[in-house]
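Topology and contacts: notes
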Amino acid sequence: MKHQYVHSVVVVTLVVALVSTPIGTTAILAVFSSDSLSGQVELSNQTATEAWLDETMARQLEEYHVPGAAVVVVSDGEAVLTKGYGYADLASQQPVDADETVFSIGSTGKLVTWTAVMQGVEDGRLELDRDINDYLTDSTVSVPDTYPEPVTLEHLGTHSAGFEDIFSGMVADDSNEKRPMENILADHQPARVRPPGQFVSYSNYGTALAGHVLAEQSEESFTGFVDNRIFTPLAMDDTTYAQPLPPRLESRRAIGYTYQNGEYQAHDPVVWTLPPEGGSLRTTATDMGQFMLAHLNGGSYGSERILEAETVREMHRRHFTKSEEVPELNGMAYGFIEMDRNDERIVGHWGDTPRFKSLLALYPEHDTGLFVVYNSPGGALARFELLQAFTDRYYPQSDTPVVEPPTGATERARELTGDYRSLTISESSWERVLGVMTRTYTVGVTDEGYLTTSSLGEETRRWVERRPGVYEEIGGSDMLVFQFGENGRATHMFRHSFGPATYERVPWYESLTVLQSVLGAGVVAFLSVLLLWLGGPVWRRWRASDVPSDRERSARWLLGVVSLLWLTVLVIFLFAWINFNAEAASPSIALRTGKVLRYLALAGTIGAVVATGFAWHEDYWSRPARLHYSIVTALALLFAWQLSLLGVLPL
């Protein structure tokens, strides 16, 4: 008893001594806090979770210029938190209500499609490894036999079918212009550009095609199948593919905004034409919480079951490994994207429309799910920041990150420099310009041996070598992995944080630096021709120069017209890129005109090459003038070549 008393006195004395200083107080609080004792924050503490999320979302809405958002956190079979933030409609000051506000969630809705496909597999009407053409015998849609290997539902569900990326046919100007899904899939079929099962390359068309296959093998439409087999049993009463929305939902629709010059601009909803692709799906955060609970609970929700537990596990397991040498690199589950962070197993999906950004993440080993949706483009970055912050808070990283490049890192990094372009890109239309400009990463190296990456719209990031070919982000949680060819040269790059993509190393002449240099030099050259073209007569009159011959005048006029045509083509396709969604829905007169002018400009360029030969053979003008003419003509050829690589000029 005496020993216990002495021990208590010692402990109390130490505590008093410690708390008498700021450092001591901090130490005591750290020792006795539940967070420190458990090693992580408890998700079951709803008050703490809500306080943290309130603070996080308030900061995000302000920092990323987002009017409103909704969040759902589920765990252990129930919703821990379902809450709206900010405004669904700024004009009426209508706040976001997670139970009531209807959002567009973009491709996150693809998870509904793949869940329905797996229901078809359970029913025995579909098989994942069977040629999908076997299911399309009564359809006008079929997959061409470009390669010996057939495309299967397994390929479609892992985005490894090998299709090029196209956007045309996915949107319309008006809901009255929508056509049957079968017609759209037949009329806007992408080319097969690589064998199936080789690389992951995200495909909207592939998901829509899977939905069509399901409908062909069912006695109802795709939307009817999903309504009856998923939305009704999960009580997702406020979820629909209908366009326009029914009146009871339209009054609760979140407005999509962009932030420009310090003000928010409201936009009308986009009309999507392929329901399985997910763009047209509108829902509430609460409904998506019920969808998450079903997947986390082995396919059941309350007394209803939408999938068997084994089927759910099959969907959540890895189906496609992008690098056998780096198994920790995120790949593809079935329909679900692997989104692992902090060594935690995470599967889910994210979705993008022009104004709405969403993300759904499941932590199957913890029976936990997170869903968030924003009504402004700023949500594109905010959602991944929230995912990382949520993971850091509840499932913190255990290992210490690498910070210093190892010996020889600089030399190894130099071998990796260059441009890497996503395979999710069009190969056959002007839409290729979108992929080239926005889905290309330029890899560089610092003198210290750090790798750097830069891309349009992103800040330059630094990476440190974890082991040869594997790099860890400095100050972040992402990872880069390189694949090497037989000659030991890097051929492909993978991003850990972006599972459904593969980046292929492009030759130097397709790099963004060469592209921008050639186009920039071409613009300067063409403007110089137009300046001389317009100012030439005045100059000759002032200098009392000889009147040019008809051939000389014709040659000048030819190059002037060519210069004007190329500048016009560049401007037209630049604006088409800026207004990409509108042009994809319905090509403008300007775009249709540009498609004609590009060939006239090419024909004129060939004519200018011939004229250049005559200029030197017959001594047109002065030598500097002939040299200028030759340089501009050469740049016109290079200009055409780069536009062909962009897809603006199909050759």
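Structure shown above.
Overview of the structure. (Residues numbered from 1 in each chain as written. Predicted model: local features only at pLDDT ≥ 70, side-chain atom pairs only at ≥ 80, totals over all residues. Heavy atoms only, no water.)

A short note on the nonpolar core
- One finds L153, L156 and W566 to be the most contacted residues of the largest nonpolar core, which totals 116 residues.
- Tallying contributions element by element places helix α17 (residues 550-578) first for this core, with ten residues.
- Other than its neighbours up to four places away in sequence, W566 contacts F526, R598, A601, L602, T605, A636, F639, A640, L643 and L649.
- With 32 residues, the next largest nonpolar core counts L43, L81, W350 and A382 among its residues. (Core = buried A, V, L, I, M, F, W, Y, C linked by side-chain atoms within 4.5 Å. Buried < 20%, exposed > 50% of the residue type's maximum accessible area, 1.4 Å probe, protein only. Helix = DSSP H or I, 4+ residues; strand = E, 2+ residues; numbered from the N terminus. Contact = heavy atoms within 4.5 Å.)

Quick look at the sheet that holds strand β2 (residues 78-89)
- Taken in spatial order, the seven strands of this open sheet run β3-β2-β1-β15-β14-β13-β12, and their pairing is antiparallel. In the strand order of this sheet, the two ends are held by β3 (94-95) and β12 (337-338), each with one partner.
- Across seven bridges, strand β14 (residues 357-363) lies against strand β15 (residues 368-374) in antiparallel orientation. Residue pairing for β15: Y363 is matched across the bridge by T368. (Pairing = 2+ DSSP bridges.)

Thoughts on helix α13 (residues 379-394)
- For α13, spanning 16 residues, the distance from its first C-alpha to its last is 22 Å, which sits close to the expected 22 Å at 1.5 Å a residue.
- Summarising the contacts, the buried residues of α13 are in contact with α4 (46-63), β1 (68-75), β13 (347-352), β14 and β15. (Expected span 1.5 Å × (residues − 1).)

Re the pairing of strand β7 (residues 263-267)
- Relative to β7, strand β6 (residues 256-260) runs antiparallel, the two sharing five bridges. Paired with T258 across the strands is Q265, a residue of β7.
- The turn joining β6 and β7, which pair antiparallel and follow one another in sequence, is formed by two residues; a positive phi near 50° is taken by N261.

A few points about the packing of aromatic side chains
- Following the criterion strictly, the structure yields 27 aromatic pairs and no others.
- Ring centres of Y509 and W641 lie 5.8 Å apart, and the angle between their planes is 35°; on these two criteria the pair is classed as tilted. Highlighted residues: Y509 in the loop between β23 (503-505) and α16 (512-543) and W641 in helix α20 (residues 623-646), separated in sequence by 132 residues.
- With a relative accessible area of 32%, W641 lands in the partly exposed category.
- Three or more aromatic residues joined by ring pairs make a cluster, and in this case those are W52, Y363, F390, Y394 and Y395.
- Here the guanidinium or amino end of R462 rests over the ring plane of Y450, the centre of that ring lying 4.4 Å away.
- Sitting over the face of the ring of W616, R626 holds its NZ or CZ atom 4.7 Å from the ring centroid. (Phe/Tyr/Trp six-rings, centres within 6.5 Å; stacked < 30°, edge-to-face > 60°. Lys NZ or Arg CZ within 6 Å of the ring centre and 35° of its normal.)

A few points about the environment of S549
- Summarising the element assignment, S549 is placed in the loop between α16 and α17.
- Since its relative accessible area comes to 33%, S549 is described here as partly exposed.
- For the pair S549 and Y620, spaced 71 residues apart in sequence, the C-alpha separation works out to 8.8 Å.

Description of the sheet that holds β23
- The antiparallel closed barrel is built from eight strands, whose spatial order is β16-β17-β18-β19-β20-β21-β22-β23. The mean inter-strand angle of the sheet, taken between neighbouring strand axes irrespective of direction, is 30°. (Axes fitted to C-alpha atoms, helices over the stretch in contact; angles between N-to-C directions.)

What about the packing of helix α5 (residues 110-123) against helix α8 (residues 204-216)?
- Here α5 crosses α8 at 35°, and the two axes come no closer than 10 Å. Regarding α5 and α8, the two cross each other, and that crossing is left-handed. Residue-level contacts link K110, T113, W114, A116, V117 and G120 of α5 to N204, G206, T207, A210, G211 and L214 of α8.
- Here the residues of the contact of α5 with α8 are counted per class, giving five nonpolar, six polar and one charged. (Left-handed = near helix turned anticlockwise from the far one by under 90°. Nonpolar A, V, L, I, M, F, W, Y, C, P; charged D, E, K, R; others polar.)

Some words on helix α19 (residues 589-617)
- The terminal C-alpha atoms of α19, which comprises 29 residues, lie 42 Å apart, in line with the 42 Å expected from a rise of 1.5 Å per residue.
- Taken together, the buried positions of α19 are occupied by L591, G594, L597, R598, A601, L602, G604, T605, A608, A611, T612 and A615.
- Its buried side turned inward, α19 meets α17, α18 (580-585) and α20.
- Positive backbone phi, approximately 55°, marks D619, located one or two places after α19.

Observations concerning the pattern of salt bridges
- Tallying each qualifying case throughout the model produces 31 salt bridges.
- With its nearest N and O atoms 3.7 Å apart, the salt bridge here joins R461 to D478. One end of the pair, R461, is in strand β19 (residues 458-467); the other, D478, is in the loop between β20 (470-473) and β21 (479-484), and 17 residues separate them in sequence.
- Its relative accessible area of 18% is what places R461 among the buried residues.
- The network of salt bridges with common partners includes E100, D238, R248 and R252. (Salt bridge = Lys/Arg side-chain N within 4 Å of Asp/Glu carboxyl O.)

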